[in-house]
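Fold and contact review
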Amino acid sequence: MRLSKKKILITGAGGFIGSHLVDVLIEKKLKSQLLLMLLPDEPMDNLLHHPDLEIVRGDIRDANFINKIMKNVGLVYHLAARIDFDGKTYAEYEDVNVTGTRNLVDAAIREKVQKFIFYSSIGVHGLPAGIGNIENWDELHPPTYTNFYGQSKWEAEEYIRDAHAKSGLAYTIIRPASVYGPREKGPTLALYRAIKNGHFAIIGTGKNKMHYVYVRDLVEATYLAGTSPNISGEYIIAGAEPTTFTDVVKHVALSCNAKIPTRSIPLFIANILAYVAQCIMSVTGMTLPIFPSRVRTMTTSYFYNISKAKKELGYQPKVTFAKGAKLTGDWYLEHNYL
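A brief structural summary. (Residues numbered from 1 in each chain as written. Predicted model: local features only at pLDDT ≥ 70, side-chain atom pairs only at ≥ 80, totals over all residues. Heavy atoms only, no water.)

A complete count under the given rule lists 18 salt bridges for this structure. Two residues, Glu158 and Arg161, come together in a salt bridge whose shortest N-O distance is 3.0 Å. Of this pair, Glu158 and Arg161 both sit in helix 5 (residues 148-167), separated by 3 residues, roughly a single helical turn. When its relative accessible area of 39% is taken as the criterion, Glu158 is described as partly exposed. (Salt bridge = Lys/Arg side-chain N within 4 Å of Asp/Glu carboxyl O. Helix = DSSP H or I, 4+ residues; strand = E, 2+ residues; numbered from the N terminus. Buried < 20%, exposed > 50% of the residue type's maximum accessible area, 1.4 Å probe, protein only.)

This is how it looks when you write it as structure tokens:
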């Protein structure tokens, strides 16, 4: 499908993934068409290397605002979302992730947008901390979300599929695996800092497999989704191969000139420590580095089947974890995050 000369709307454009998507679209000579939507107080740090972009600030929950900016838009990349796990009620996630998506979908239908690309989450399939090992699951695996965030993403997906059935709106739903790369300032940076500072130990054997996707591979797949023939569907986007946790730790350490951690904690001891820590945190409100869900995440395998994305989108992940870890570590060091 050839892109029209209409505008390309990107929500969440200033975020970690969104800013990399902007990079790719500019490289594809689409700068003049880009319309970037940021929240009213969202920083622009990740976009400062691209001056003169058309940027609007607003709230995806504001239907009138969305209707206004959707004029003359031909393609939507919807990345904006509440992504933390800190909420106490489902309504806190539904408000942004479902209502906001509905506003965008409804406006896209009215304006006859060519295609709607939605960033969902691998969390619709559940997270290993809640359900145990995930081995070679594909898009047909039923939803087994384990938190409000995953539930809200699934509900938003359902609304998009229903809209497609009723209106013919072409769509692609992207379900990324664990995303890492330059500009990530959340869990990946925390892992790098722990290893760099010598505050890290492997729990268990470290032989469990984890499936990451380098951010550049992810946004290249996202671009392909926008230009592919009129195929609508869901796609898991992950790296070419999963990586053992031992190798994850090794490559992170090497990338930032840190000593490779050799300390390990037997799983049964880690579980005891985690539950003691959880009791302390519940009483004192302190934040401790070990707790039950973290232990389960660090000792459980999760990897996915990406054959559908390869076959239908032409997706070919190019960055190995070793290479991606080095690129990420270089960026953290250059920008004084480590």
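That covers the picture; the talk isn't over yet.
Right, let's talk about helix 1 (residues 16-27) for a bit. For helix 1, with 12 residues, the first-to-last C-alpha span of 17 Å sits near the 16 Å given by 1.5 Å per residue. The buried fraction of helix 1 is high, at 11 of 12 residues. Within helix 1 the residues assigned to the buried category are Phe16, Ile17, Gly18, Ser19, His20, Leu21, Val22, Asp23, Val24, Leu25 and Ile26. Packing partners of the buried residues in helix 1 comprise strand 1 (7-11), strand 2 (34-38), strand 4 (73-78), strand 5 (115-119), strand 8 (178-180) and helix 7 (215-227). (Expected span 1.5 Å × (residues − 1). Contact = heavy atoms within 4.5 Å.)

Summed over the entire model, instances satisfying the criterion amount to 11 aromatic pairs. Seen from their ring centres, Tyr90 and Phe148 are 6.3 Å apart, and the 55° between their planes marks the pair as tilted. Of this pair, Tyr90 sits in the loop between strand 4 and helix 3 (91-110) while Phe148 sits in helix 5, and the two are 58 residues apart along the sequence. Measuring from ring centre to ring centre gives 5.4 Å for Tyr180 and Tyr214, while their planes differ by 65°; the resulting arrangement is edge-to-face. (Phe/Tyr/Trp six-rings, centres within 6.5 Å; stacked < 30°, edge-to-face > 60°.)

From the geometry alone we can't say anything about function, so treat these as descriptive.
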